[in-house]
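Descriptive structure summary
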Amino acid sequence: MIRVLSMVWYKILPAKYGGQKGIAGFNQYLAQHLPLACLCSENNSPGTLPYKLIPELPVSKWQFLSPAIRKKLRQTVVAEKATHIIVEHPYHGLAAIKTRKQTGAKLIVHSHNIESERFRKLGKWWWPLLSRYEKWVHREADLSLFKTENDQQWAINHFGLQPQKCMVAPYGTAPISFTDNASTKKKIQERHSLLPEVKIILFAATLDYQPNAKAVESIYKQIVPRLPAANADFKVIICGRNSKSEFQYLQSLENKNVIMAGEVENIDEYFEAADLFINPVNSGGGVQTKNIDALAHHCSIVCFDGWIDKNIQALAPGKVFTAPGGNWDEFVHQILIASQQRLPTNSLFFKAYSWEEIARRVAERIRLL
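A brief look at the structure comes next.

Cut-offs used in this document
Residues numbered from 1 in each chain as written. Predicted model: local features only at pLDDT ≥ 70, side-chain atom pairs only at ≥ 80, totals over all residues. Heavy atoms only, no water. Helix = DSSP H or I, 4+ residues; strand = E, 2+ residues; numbered from the N terminus. Expected span 1.5 Å × (residues − 1). Buried < 20%, exposed > 50% of the residue type's maximum accessible area, 1.4 Å probe, protein only. Arc of directions from axis to C-beta. Contact = heavy atoms within 4.5 Å. Lys, Arg positive; Asp, Glu negative; His and termini not counted. Salt bridge = Lys/Arg side-chain N within 4 Å of Asp/Glu carboxyl O.

1. Overview of helix 5 (residues 127-140)
For helix 5, spanning 14 residues, the distance from its first C-alpha to its last is 20 Å, which sits close to the expected 20 Å at 1.5 Å a residue. Taken together, the buried positions of helix 5 are occupied by Leu130, Ser131, Glu134, Val137 and His138. Along helix 5, the residues classed as buried sweep out an arc of 135° about the axis, all on the same side. At its buried positions, helix 5 is contacted by helix 3 (93-103), strand 5 (106-110), helix 4 (115-121), strand 6 (143-146) and helix 6 (149-159).

The following block contains the structure:
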């Protein structure tokens, strides 16, 4: 019988941010199709889960170099009778490849970005070393899961992967009904002392990550100064974690039309109350899970061309508004257009990006390995 062991090197539970939600949702729904256990870092919080949580990895990036981790993985595979190992990101690839040779378990690499490309765009000098390692891990895998068609094709072209050993498993969402948001909006208005006629424009992200921090700067310096000239009655609310010292300068930015709400207890309330979601990210890389979260909550999105997957855009007609990269006048113009409507996100989007459907397809593919 197939038994899956998921290996996660960082905290995902409770899931608050895009990356955490991506793994937590994937595991939760995959466990409905296949028996699953999750070997993860010690700072994960056990809860009511449809799978076994084993929070026994150290809270450290140095764990990738530790022979003790390879021993721990092998022991866990044997104890759980795991037939398949899923490593989240390629970093534990060495440990998983050695364990596969010792136990016969199949190896699945769950890629959330092309990691070396992401760090290349961030200007990290060591990205070529990571690229060679990432290529090796994916070529050794029995199956590679990618978040987008673009990532999959990039890996096939640059890593020399066999297409039949690749699969797209996008960041997903649970179904969210389109409802009258008046009560939630009133709650947020009262919390932040907003007048009823004020439109709420939302940006939510992990702010202690360079591309998102730059996006916050752009809200203050590029977007907000242009909105009053268009007679817009608005407030921009920015939500997200900012725990690193090098990004504390964001707290010194000031504008009467911007509210830095910080790491809020319930981000769903803000998505539901918002008239519009903006994503002014214009550097770095990644899946931009914030776009999927916004559409799942029926928010329209304004972003730059190239910063939302074309497939998502096609499945959510009338919900995605784009501007040429770096054109802030056009970005604000799209804000004014998009903020005039509140429509439900197309059901085709939810069918394609539902965790239930994604997990079903992945489980079917695992059974064929």
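Moving on, there is more to tell.
2. Re the side chain of lysine 319
Looking at the secondary structure, you find lysine 319 in the loop between helix 11 (310-315) and strand 13 (320-323). Of the side chains with opposite charge, aspartate 275 lies nearest to the buried lysine 319, which makes no salt bridge, at 11 Å. With residues up to four places along the chain from it excluded, the contact list for lysine 319 reads Leu295, His298, Cys299, Ser300, Ile301, Leu343, Pro344 and Thr345.

3. Comments concerning helix 14 (residues 355-367)
Spanning 13 residues, helix 14 covers 18 Å between terminal C-alpha atoms, matching the ideal 18 Å at 1.5 Å per step. Within the sequence span of helix 14, burial applies to Trp355, Ile358, Ala359, Val362, Ala363 and Ile366. Along the long axis of helix 14, the arc covered by the buried residues comes to 130°, so they all point the same way. On its buried side, helix 14 packs onto helix 1 (18-30), strand 4 (84-88), strand 5, strand 6, strand 7 (166-168) and helix 13 (347-352).

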